[in-house]
Amino acid sequence: MTSQNPVKVTADSILASARAAKGRGLPPVHDWNPPFCGDLDMRIARDGTWFYLGTPIGRPELVRLFSTILRRDGDDYFLVTPVEKVGIRVDDAPFLAVDFEVSDPGPDQVLTFLTNVADRAEAGLDHPIRVERDPETGEPAPYVLVRDRLEALIDRKSFYRLVDLGETREQYGEGWFGICSGGVFFPIILAKELTTD
């Protein structure tokens, strides 16, 4: 985040601008270059909950509207409208993948993820899956790219389902356990590191 003073605009003014700019599909936030207005006291928690002034935003339609004007520049996240740009905090990934569907099970399978803000992402070249492992505990944190450098953390139940669909393939000169979708193999862990306990 920047070190500028807190912004004078509010979530209501951002919502009004977002509603005015809303058309069919997602707004073209990458085409907009409004002035930076500072940081808004808004945070997206690791579990996908959006907070404003420390209070959870309880209306899913508002969260969805905010999510459509979210943009990532470098490592920072912003809500962007045609007239203003405000920084927000994101604890991990801005979205949470809460489920997925499998079409064409087998070697040609396609995994389509659904997020907590109703985005859909078909895993493949344009929407890769990646897994980070905690260096101390080894615990995996799986992600899928949803749109425009914005990822979704794949929730635990969905990750367990993914693992059930996994297979071992030769990758980088070694055997890797991973997931296939859209003709792409996404390695998760070295096969030799898998345990059976």
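Residues numbered from 1 in each chain as written. Predicted model: local features only at pLDDT ≥ 70, side-chain atom pairs only at ≥ 80, totals over all residues. Heavy atoms only, no water.

**So, the nonpolar core**
Across soluble globular proteins, nonpolar side chains have a tendency to be buried as a group. Judged by nonpolar contacts, the single largest core of 47 residues is most densely connected at Met42, Trp50, Phe66, Leu70, Leu79, Ile88 and Phe113. Non-local contacts of Phe113, meaning those with residues more than four positions away in its chain, are made with Ala97, Asp99, Phe100, Asp119, Arg120, Ala121, Ala123, Ile129, Val144, Ile154 and Leu162. Listed in part, the five residues of the second largest apolar core include Ala93, Leu96, Ala141 and Leu153. (Core = buried A, V, L, I, M, F, W, Y, C linked by side-chain atoms within 4.5 Å. Buried < 20%, exposed > 50% of the residue type's maximum accessible area, 1.4 Å probe, protein only. Contact = heavy atoms within 4.5 Å.)

**Details of the pattern of salt bridges**
On inspection of all chains with the given rule, the structure shows 18 salt bridges. Of the charged contacts, one joins Arg46 and Asp92 as a salt bridge, the two residues approaching to 2.8 Å between their closest N and O atoms. Placement of the pair is Arg46 in the loop between β1 (36-44) and β2 (50-52) and Asp92 in the loop between β6 (85-90) and β7 (95-103), with a sequence separation of 46 residues. On the accessibility criterion, Arg46 (46% relative accessible area) is partly exposed. On the accessibility criterion, Asp92 (22% relative accessible area) is partly exposed. A network of salt bridges, in which partner residues are shared, links Arg64, Asp119 and Arg147. (Salt bridge = Lys/Arg side-chain N within 4 Å of Asp/Glu carboxyl O. Helix = DSSP H or I, 4+ residues; strand = E, 2+ residues; numbered from the N terminus.)

**Here's the deal with helix α3 (residues 156-164)**
The complete set of buried residues in α3 reads Ser158, Phe159 and Leu162. One face of α3 carries all of its buried residues, which in axial projection span an arc of 100°. Those residues of α3 that are exposed and aimed more than 90 degrees away from the buried face are Arg156 and Asp164. (Arc of directions from axis to C-beta.)

**Some remarks on the sheet that holds strand β13 (residues 167-171)**
Strand order in the open sheet formed by three strands is β13-β14-β15, with antiparallel pairing between adjacent strands. Single-partner strands in this sheet number two, and they are β13 and β15 (184-190). When strand polarity is set aside, the average angle formed by the axes of neighbouring strands in this sheet is 55°. Bridge count for β13 against strand β14 (residues 174-181) is five bridges, and the pairing is antiparallel. Looking across to β14, one finds that Arg169 is bridged to Trp176. (Pairing = 2+ DSSP bridges. Axes fitted to C-alpha atoms, helices over the stretch in contact; angles between N-to-C directions.)

**Describing the pairing of β15**
Counting buried residues in β15 gives six out of seven residues, a clear majority hidden from the surface. Relative to β15, β14 runs antiparallel, the two being bridged by six bridges. Along β15, the bridge assignment pairs Ile179 with Phe186. Connecting the antiparallel pair β14 and β15 is a turn made up of two residues, with Gly182 showing a positive phi of about 60°.

**Some points on the packing of aromatic side chains**
Taken as a whole and judged by the stated rule, the model has four aromatic pairs. Measuring from ring centre to ring centre gives 6.2 Å for Trp50 and Phe66, while their planes differ by 10°; the resulting arrangement is stacked. Taken together, the residues Trp50 in strand β2 and Phe66 in helix α2 (residues 60-68) connect sequence positions 16 residues apart. We note that Trp50, like Phe66, is buried. (Phe/Tyr/Trp six-rings, centres within 6.5 Å; stacked < 30°, edge-to-face > 60°.)

**Digging into unusual backbone geometry**
At Asp104, a position not held by glycine, the phi torsion is positive, near 50°. Along the polypeptide, Asp104 turns up in the loop between β7 and β8 (110-115). The phi angle at Tyr172 is positive, at roughly 55°, despite the residue not being glycine. Mapped onto the secondary structure, Tyr172 falls in the loop between β13 and β14. Note on Tyr172: relative accessible area 63%, which makes it exposed.

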